[in-house]
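# Chains, contacts and geometry: an overview
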Amino acid sequence: MVSVDLLPLLYQGAVTTLKVTVLSMGVAFLLSFLAGFARLSRRKSIRLVSSVYVEVFRGTSLIVQLFWLFYALPLLGIELTALAAGVAALGLNYGAYGSEVVRSAILAVPKGQTEASIALNMSPMLRMRRVILPQAMVIMLPSFSNLAIELLKGTSLVSLITMADLTYQGMILRTFDASRTFEIFGLILLMYFVMAYPLTLMMRWLERRFSAGRV
Amino acid sequence: MWSWSFTWSTLPYILDAMKMTILATIVGFAIALVGGLLLAMGRRSKNRLISLIFTGVIEFVRSTPLLVQLYFLFYGLPAIGISLGPFTAGVLGLGIHYSAYLSEVYRSGIEAVPRGQWEAAKALNFTRWTMWRRIILPQAIRPVVPVLGNYLIVMFKETPVLSAITLVEMLMAAKMIGAESFRYLEAFTLVGILFLILSYASSLLIRRLELKWNRT
């Protein structure tokens, strides 16, 4: 099987896939913390808003959200480009999942830590920044890395809203010579694996590094 | 902008397509339940090579997108002489993809079975088959039932991806309505709301079952 001629287009697609992945990860990371903290707020209204956000985006599927943002939203007068709709949908969806990770990790930090920082007269801000978050981050790591892999895989759906990512290039290449479809999609699966597997390895490495000396 | 009369007129079509969504979820889940168990047991094989192969398959399936796997099954396999219909390819893809996830769930359940149970089974001279069927699996599966239930909901929410290989489930039905009338807003919103209601209701149901399960 000579697949070399397929590589330039697939490479272009992979670059787009990585671009969408990185941008969406940024949005999702930000939203995770925003919504995660909001879930723990003392104000009931803030808690309510963030739980509605989380339930709505976890309760409907990513692809439905993507189609809604791209095809339905223009009818309400808001037109998004494919890239904007893709990044928004991926960011909002994985942000909702991520916020649960943030929330549960903060709650998992032993209560004595909070009490000790209060006893040491730390301000709430300092307490969160220097005592709670550093410990919560270690708890978040494995779940966040899992979400990162899920997000990378999720980007394949942007091919359905006309973005020329790796999956999309496969569908294009297929139209030139349908008899090579097996080879094309086999190659694409391999390329996704090559992109996702380093994330898995990095996750294991980080887990080992950060759990060193702790049990 | 938003037309209620149009919304009501599309509802029957989408509810009709919901049957396909639910059917695909159930068949896909059944495949994943069996496939996941096979993968989990294959990974535990004493033969290093077999164990390595199974680990590789699980990692590969988990690290690649469902959509591309579906394209591979639906468009790729016919090129080497195996043609599958959209439903077959769809439930097979969904089932295989989540087998890899469920194998991890089973694995955690199997590893949680106390060593003494294995030793006792051996001491009583049970065959491997009897040991798995009568001693290990009943104890391994029971505690992971809620996790398996959660994956049922996850798979339900993944079924709209099957629209990409032309299976007419809820999202595809909405897309067809949109393409015909140029009104995507109502149909897509309706699909979103239906997913929300169904997945929220089933997550409440699973939580209740979990409580009941834990009490006994």
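Counting from 1, residues in each chain are numbered in the order their sequence is written. The order in which chains are written sets their letters, starting at A; the order in which ligands are written sets their numbers, starting at 1. At least 70 in pLDDT is required for a residue's local features to be given in this predicted model, at least 80 for side-chain atom pairs to be given and counted, and no such filter applies to totals for whole chains, interfaces and linings, which use all residues. Hydrogens and water molecules were not included; the side-chain quantities draw on all heavy atoms of the structure.

## Structural notes on the overall build of chain B
Applicable threshold: Each helix is a run of DSSP H or I of at least 4 residues and each strand a run of E of at least 2, with the numbering of both proceeding from the N terminus. Only protein chains enter the calculation, and the probe is 1.4 Å; a residue is then buried if its accessible area is under 20% of its type maximum, exposed if over 50%, and partly exposed in between. Computed by Shrake-Rupley with a 1.4 Å probe, the accessible areas treat only the displayed protein chains as cover when residues are assessed. Note on charges: Lys and Arg go in the positive column, Asp and Glu in the negative column, and His and the chain ends are not counted at all. Just so you know, the charge point we use is NZ for Lys, CZ for Arg, CG for Asp and CD for Glu.
What chain B contains, in helices and strands, is nine helices and zero strands. Starting at the N terminus and ending at the C terminus, chain B contains elements arranged as α-α-α-α-α-α-α-α-α. If you line up chain B on its principal axes, its C-alpha atoms span 70 × 50 × 25 Å. Within chain B, buried positions represent 48% of all 216 residues. Within the structure as shown, chain B displays about 11,200 Å² of accessible surface, and the carbon and sulfur contribution to it stands at 67%. Taking the average place of the 20 positive charges on the side chains of chain B and the average place of its 10 negative ones, the gap between the two points comes to 12 Å.

## Description of the UniProt feature "domain: ABC transmembrane type-1" (unreviewed entry) in chain B
As a reminder, the rule being used: UniProt positions are given in the numbering used here, feature names are shortened, and annotations may be inferred rather than shown by experiment.
Mapped onto the present numbering, the UniProt feature "domain: ABC transmembrane type-1" (unreviewed entry) falls at residues 14-206 of chain B. This span, residues 14-206 of chain B, is 80% helix and 0% strand, and a straight line between its end C-alpha atoms measures 25 Å.

## Some remarks on the UniProt feature "domain: ABC transmembrane type-1" (unreviewed entry) in chain A
Within this structure's numbering, the places UniProt gives as "domain: ABC transmembrane type-1" (unreviewed entry) are residues 14-203 of chain A. For residues 14-203 of chain A, the helix share is 81%, the strand share is 0%, and the end-to-end C-alpha distance is 22 Å.

## Thoughts on the UniProt feature "transmembrane region" (unreviewed entry) in chain B
All names here are of chain B. Residues annotated in UniProt with the feature "transmembrane region" (unreviewed entry) correspond here to residues 20-40, 52-74, 80-101 and 184-206. Taken end to end, residues 20-40 comprises 100% helix and 0% strand; its first and last C-alpha atoms sit 29 Å apart. Its end C-alpha atoms 28 Å apart, residues 80-101 is made of 73% helix and 0% strand.

## Some remarks on a nonpolar patch on the surface
Definition in use: The patches reported here contain residues having more than 30% relative accessible area and no salt bridge. Joining distances are 9 Å for like charges and 5 Å for nonpolar side chains (Val, Leu, Ile, Met, Phe, Trp, Tyr). We define a salt bridge as a side-chain nitrogen of Lys or Arg found within 4 Å of a carboxyl oxygen belonging to Asp or Glu.
A contiguous nonpolar surface patch, about 620 Å² in accessible area, is contributed by Leu76(A), Met1(B), Trp2(B), Trp4(B) and Trp8(B). Here Trp4(B) lies in helix H1 (residues 4-43). Overall, the relative accessible area of 54% leaves Trp4(B) in the exposed class.

## Regarding the interface of chain A and chain B
As a reminder, the rule being used: Working rule for contacts: check all heavy atoms of both residues, and any pair within 4.5 Å makes them a contact. Buried area: the accessible area, evaluated with a 1.4 Å probe, that two parts lose upon being put together, summed over both parts. Between N or O atoms, a polar contact is any pair within 3.5 Å; within protein, one atom must be a potential hydrogen donor and the other a potential acceptor, and residues adjacent in sequence are included only when both atoms are from side chains.
Of the residues lining the interface, 40 residues belong to chain A; the matching set on chain B comes to 38 residues. Both sides together, the interface formed by chain A and chain B hides about 3,400 Å², and carbon and sulfur atoms give 76% of it. Among the residues of chain A in contact with chain B, Lys153(A), Phe182(A) and Leu189(A) are the three that bury the most area, contributing 19% of the side total. On inspection of chain A and its partner chain B, the count reaches one salt bridge. In this structure, the salt-bridge partner of Glu59(B) is Arg204(A), at a minimum N-O distance of 2.9 Å. The interface formed by chain A and chain B contains nine residue pairs in polar contact (both at pLDDT 80 or more). Broken down by secondary-structure element, the contributors of at least two residues to the side of chain A that touches chain B are helix H2 (44-59), helix H3 (62-72), helix H6 (124-154), helix H7 (166-176) and helix H8 (181-211) of chain A.

## Side note on the nonpolar core
Quick note on the threshold: Throughout this description, the term nonpolar core refers to a set of buried Ala, Val, Leu, Ile, Met, Phe, Trp, Tyr and Cys residues connected via side-chain atoms within 4.5 Å.
Phe67(A), Met140(A) and Ile14(B) are the most contacted members of the largest nonpolar core, which totals 111 residues. Counting residues per element, this core draws most heavily on H6(A), at 11 residues. Residues in contact with Phe67(A), not counting those within four places in the same chain, are Ala72(A), Leu160(A), Ile161(A), Leu171(B), Lys175(B) and Phe188(B). Counting six residues, the second-largest nonpolar core is a separate cluster that includes Tyr53(A), Val54(A), Phe57(A) and Ala96(A).

## Description of the side chain of Ser163(B)
With respect to the helices and strands, Ser163(B) occurs in the loop between helix H7 (145-158) and helix H8 (170-181). Here Ser163(B) is in contact with Ile63(A), Glu169(B), Leu171(B) and Met172(B), once residues within four sequence places are set aside.

## Describing helix H3 (residues 66-76) of chain B
It helps to recall that an α-helix has 3.6 residues per turn; residues three or four apart then point in one direction. Most of H3(B) is tucked away: 11 of the 11 residues are buried. Among all positions of H3(B), only Leu66(B), Leu67(B), Val68(B), Gln69(B), Leu70(B), Tyr71(B), Phe72(B), Leu73(B), Phe74(B), Tyr75(B) and Gly76(B) are buried. Considering only its buried residues, H3(B) is in contact with H7 and H8 of chain A together with helix H2 (48-63), helix H4 (86-111) and H7 of chain B.

## Some thoughts on the environment of Thr200(A)
Mapped onto the elements, Thr200(A) comes out in helix H8. We classify Thr200(A) as buried; its relative accessible area is 6%. Along the primary structure Thr200(A) and Pro142(A) are separated by 58 residues, whereas in three dimensions their C-alpha atoms are 9.5 Å apart. If sequence neighbours within four positions are ignored, Thr200(A) has contacts with Ile149(A) and Glu59(B).

## Observations concerning the confidence of the model for chain A
Test applied: How sure the predictor is of each residue is captured by pLDDT, a score from 0 to 100.
The pLDDT averaged across chain A works out to 93; a share of 97% of its residues lies at or above 70. Per-element confidence in chain A is highest for helix H4 (residues 82-108) of chain A, whose mean pLDDT is 97, and lowest for H8(A), whose mean pLDDT is 90.

## Quick word on the layout of surface pockets
Residues and elements named next belong to chain A. Note the threshold: The rule is simple: put a 1 Å grid over the protein atoms alone, call a set of points where a 1.4 Å probe fits but cannot get out a cavity, call an open set with protein on both sides within 12 Å along at least five of seven lines a pocket, and count a residue as lining if it has an atom within 4 Å of a point. Grid points are joined across faces, edges and corners, and a volume is the space filled by probe spheres set on the points. When residues are grouped by polarity, Ala, Val, Leu, Ile, Met, Phe, Trp, Tyr, Cys and Pro land in nonpolar, Asp, Glu, Lys and Arg in charged, and all others, Gly among them, in polar.
Estimated volume of the second largest pocket: approximately 600 Å³. Leu40, Ile106, Thr114, Arg127 and Met128 are, among the 15 residues lining the second largest pocket, the residues nearest its centre. Listed by contribution, the elements that provide at least two residues to the lining of the second largest pocket are H4, helix H5 (111-119) and H6. In terms of residue class, the lining of the second largest pocket is made up of nine nonpolar, two polar and four charged.

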